[in-house]
Every structure is written in structure tokens, then in C-alpha cells.
Amino acid sequence: MFAFNFNKTAMPIFYGKVALITFLKSFKTQNMTIGYVPTMGALHQGHLSLMQQSLQENHVTVVSIFVNPTQFNNPDDLSKYPRTLEQDTEKINALNTDIIIYAPSVEDIYEGNVTSQTFNFEGLENQMEGKFRPGHFNGVGTIVKRLFEIITPTHAYFGEKDFQQLQIVKKMTQKSLLPVTIIGCPIFRESNGLAMSSRNERLSLNQREEASMIYKTLLRTKDLFKTQTANEVNQWVETVFVKNDTFELEYFAIAEEETLLTCEEKMEDKNYRAFIAVFVNNIRLIDTISLK
Ligand code: PAF
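The text that follows walks through the structure, step by step, so that each part is easy to find. Sequence order sets the numbering: in each chain, residues are counted from 1 along the sequence as written. Given that this is a predicted model, residues contribute local features only at a pLDDT of at least 70 and side-chain atom pairs are listed and counted only at 80 or more, while totals for whole chains, interfaces and linings are drawn from all residues. Note that water and hydrogens are dropped before the side-chain values are worked out from all heavy atoms of the structure.

1. Quick word on helix 10 (residues 212–224)
Condition: Strands here are runs of E lasting at least two residues and helices are runs of H or I lasting at least four, both read from the DSSP assignment and numbered beginning at the N terminus. Here the expected length of a helix is defined as 1.5 Å per residue gap, with one fewer gap than residues. Partly exposed describes any residue whose relative accessible area lies between the buried limit of under 20% and the exposed limit of over 50%, with all areas from a 1.4 Å probe on protein chains only and scaled to the type maximum.
The terminal C-alpha atoms of helix 10, which comprises 13 residues, lie 19 Å apart, in line with the 18 Å expected from a rise of 1.5 Å per residue. Residues of helix 10 that are buried: S212, M213, I214, T217, L218, T221 and L224.

2. So, the pattern of salt bridges
Definition in use: By definition here, a salt bridge exists when the distance from a side-chain nitrogen of Lys or Arg to a carboxyl oxygen of Asp or Glu is within 4 Å.
Taken as a whole, this structure holds 18 salt bridges when the rule is applied. In this structure, E129 engages R133 in a salt bridge whose closest nitrogen and oxygen atoms are separated by 3.8 Å. Judged by relative accessible area, which is 6%, E129 ranks as buried. By relative accessible area, R133 is classed as buried at 8%. Measuring nitrogen to oxygen at the nearest pair gives 3.9 Å for the salt bridge that ties D223 to R220.

3. Looking at the site of the ligand
Applied cut-off: Near residues are defined by distance, with any heavy atom within 4 Å of the molecule or strand qualifying the residue. Here a polar contact is recorded for every N or O atom pair within 3.5 Å, except that within protein the pair must consist of a potential hydrogen donor and a potential acceptor, and residues adjacent in sequence are included only if both atoms are side-chain atoms. A 1.4 Å probe and the Shrake-Rupley method give the accessible areas. Residues count as covered only by the protein chains that appear here. Gly counts as polar in this scheme, as do all residues outside two lists: the nonpolar Ala, Val, Leu, Ile, Met, Phe, Trp, Tyr, Cys and Pro, and the charged Asp, Glu, Lys and Arg.
Around the ligand, the neighbouring residues are P38, T39, M40, N68, Q71, I143, F158 and Q165. The side chain of Q71 places a nitrogen or oxygen atom 2.6 Å from an oxygen atom of the ligand. Contact with the protein chains covers 87% of the free accessible surface of the ligand, which is 290 Å². Looking at side-chain class alone, the shell around the ligand contains four nonpolar, four polar and no charged residues.

4. Quick word on the nonpolar core
We count it as follows: To define a nonpolar core, start from buried Ala, Val, Leu, Ile, Met, Phe, Trp, Tyr and Cys residues and group those joined through side-chain atoms within 4.5 Å. Should any heavy atoms of two residues lie within 4.5 Å, those residues are considered in contact.
If you look at the biggest cluster of nonpolar residues, it comprises 45 residues, and the most contacted ones within it are I100, F148 and I151. Counting residues per element, this core draws most heavily on helix 7 (residues 136–151), which supplies eight residues. Apart from the residues within four sequence positions on either side, I100 is in contact with F6, M11, F14, L20, F23, L24, V60, T61, V62 and V63. Among the nonpolar cores identified, the runner-up in size contains 25 residues, and L218, A274, I283 and L285 belong to it.

5. What to know about the pairing of strand 2 (residues 60–65)
Along a regular strand, successive side chains alternate from one face of the sheet to the other. Note the cut-off: One requirement defines pairing of two strands: DSSP has to find at least two bridges between them.
With six of six residues buried, strand 2 lies mostly within the body of the structure. Neither face of strand 2 is exposed, since V60, V62 and S64 on one face and T61, V63 and I65 on the opposite face are all buried. Across six bridges, strand 1 (residues 34–39) lies against strand 2 in parallel orientation. Of the residues in strand 2, the one forming a bridge with Y36 is V62. Sheet topology places strand 2 next to strand 3 (residues 100–102); three bridges connect them, and they run parallel. Note on strand 3: the bridge partner recorded for S64 is Y102.

6. What about helix 11 (residues 230–242)?
Convention followed: Note that the arc is defined by the directions from the helix axis to the C-beta atoms.
The terminal C-alpha atoms of helix 11, which comprises 13 residues, lie 19 Å apart, in line with the 18 Å expected from a rise of 1.5 Å per residue. For helix 11, the complete set of buried residues consists of A230, V233, V237 and F241. Here the buried residues of helix 11 occupy an arc of 75 degrees about the axis, which is enough to place them on one side. The secondary structure elements touched by the buried residues of helix 11 are helix 10, strand 6 (248–256) and strand 7 (272–280).

7. Remarks on unusual backbone geometry
Backbone geometry at A42 places phi at a positive 50 degrees, although glycine is not the residue there. With respect to the helices and strands, the residue A42 is situated in the loop between strand 1 and helix 2 (45–57). Given the relative accessible area of 9%, A42 is considered buried. Look at N281: it is not a glycine, yet its phi comes out positive at around 50 degrees.

Here it is, written out as C-alpha cells:
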């Protein structure tokens, strides 16, 4: 695949959808593929790896940077979410100056009506993140659908750290008949195993180091699940967190990958995944691992 070369030192940032839609029209009419990476900014290596994959697989790559208010159930989390457009733009341009950046305002997206559409994700939304963050997935569905309608990508890239989000986006796309292929990409980890996240920036150096216990716990659950039931593994995880003063466990669950229903009894033909959410000083971290 030969990515389109704009021969510029850097692309201008699009702040409004009208100019972006006009700009993208010529690629659509030439049947070029448009790869798309939606982000909320505070970019890290994980985001950049999604962009890299999109660049390799498409003629044109678009990245959006938008902190979406409707997916935050906690106003404090929304107000503290890092907003670093200048640094983000530098990181994108250092990777590739042909990437098209869309950094809309809340008004450009929501046009005076900052509310979520209500979706039926056929049960995918009822557990884990959906259970502990009411309204979160309606907010995600709303923004991803709107961004897909504006950008009309042929391919969209999502990290597997938010595995439940990935399944929800696939369901929304399929039910809304949107012609875009959703691609899930592997989790990028810091050298100590901590899953990369924009929220890691808010951790102290010590917390960031200690947070390696989250991935270590997941690795151990993978081992335990070979011989133990989901319930026994759950209990083991709970004891680990009772003994830990730094991290508070919000949930741990072993669920089937397609339906995201929690595993009551192991079935040979199903693929399972462990999901975890923990708090440290009001900072919420999530992670997941395939148990295959
Ligand atoms: O994963 C995220 O960063 C967000 O949920 C997304 C997909 C950009 C929608 O706001």
C-alpha cells in the first residue's frame, strides 16, 4: 500500500468538520482507503502504534483528538483528563507529516446538544465498564458513530486495552450498517508491564512502578485458570488486593470474548479473557489479558 504523500512539512489541523469533509472528498472519489484512529489525545506509544498500522494499510490516515464529554460518568475525571494538543500534534508530525489531524470543539461535534444517543448493544454493555460507568458506552457509541459519519473511514483502529469498547464499537457499526472495518490492535505496555494509558501521566513515579502488579496479577490469573474455576481465580484476585494498600480493586471478571458474559462454567470451545479495573488515588486503570 502506498500512502498518499502531501509533500508538506506538516498538515494543517482541521478544527471544523465542514473543511475536513471537503478535504477528504477527493480521496473518497478516487476510491482511496481512509484509515482512522480516534483518540482523546494525551498520546502515547500505544496510540502511535495504531497510527503506524493505519499508515501501512491505507492511502490516507486521519487521527481525531477529542475529549468526549458524554462518555465521562465522573465530572472530576473529565475535568482532569489531560489536554495536550500541542504535544500531541508534535508526536504525530514526528511519526508522519501526512497524517490528517481533526481536533474539533464540543460545539463542532454536538451542535449545542451535548447528549448521548441510547444504543442497544445486545448485552455487551451490561457488565464490567458498563456496570461501573453508567452511560459510558452510550457516550462512546454516540461519539464514534458521529466521527465515523464525518470522516467516513474505510478502516478504524482501536486498542485491545479497551476490549469491551472494541466489541461495542463492532456491534454499533454492524447495527448502524456503517461501511467500516474495525481492527483491534494489541496492547502496548510500559517496560514494567503496565498497560499504556493517558491516565498513567497522572500517577506518581512510585505508583507507576508499583502499578506493574496489575499486569503481574493478570499473568498469574492466566496460569491459574488452566487448572482452576473462574470463581476460584476471582477469589484469589480479591485476596491479592485485600493485602495491597496502594491499589483498590473495582472489579475483576473472567468473561467470554464474544458475548462478554462472565464465565460460570468453562467451555472448551469458548475463548475467555480476564478484565480488571483498579483505583489508585482516584485514578482509574484498566487492563485485560486473553486466557487462551
Ligand atoms: O478509547 C478512547 O480513547 C475513546 O473512548 C474514543 C474511542 C476515542 C472515543 O472517544
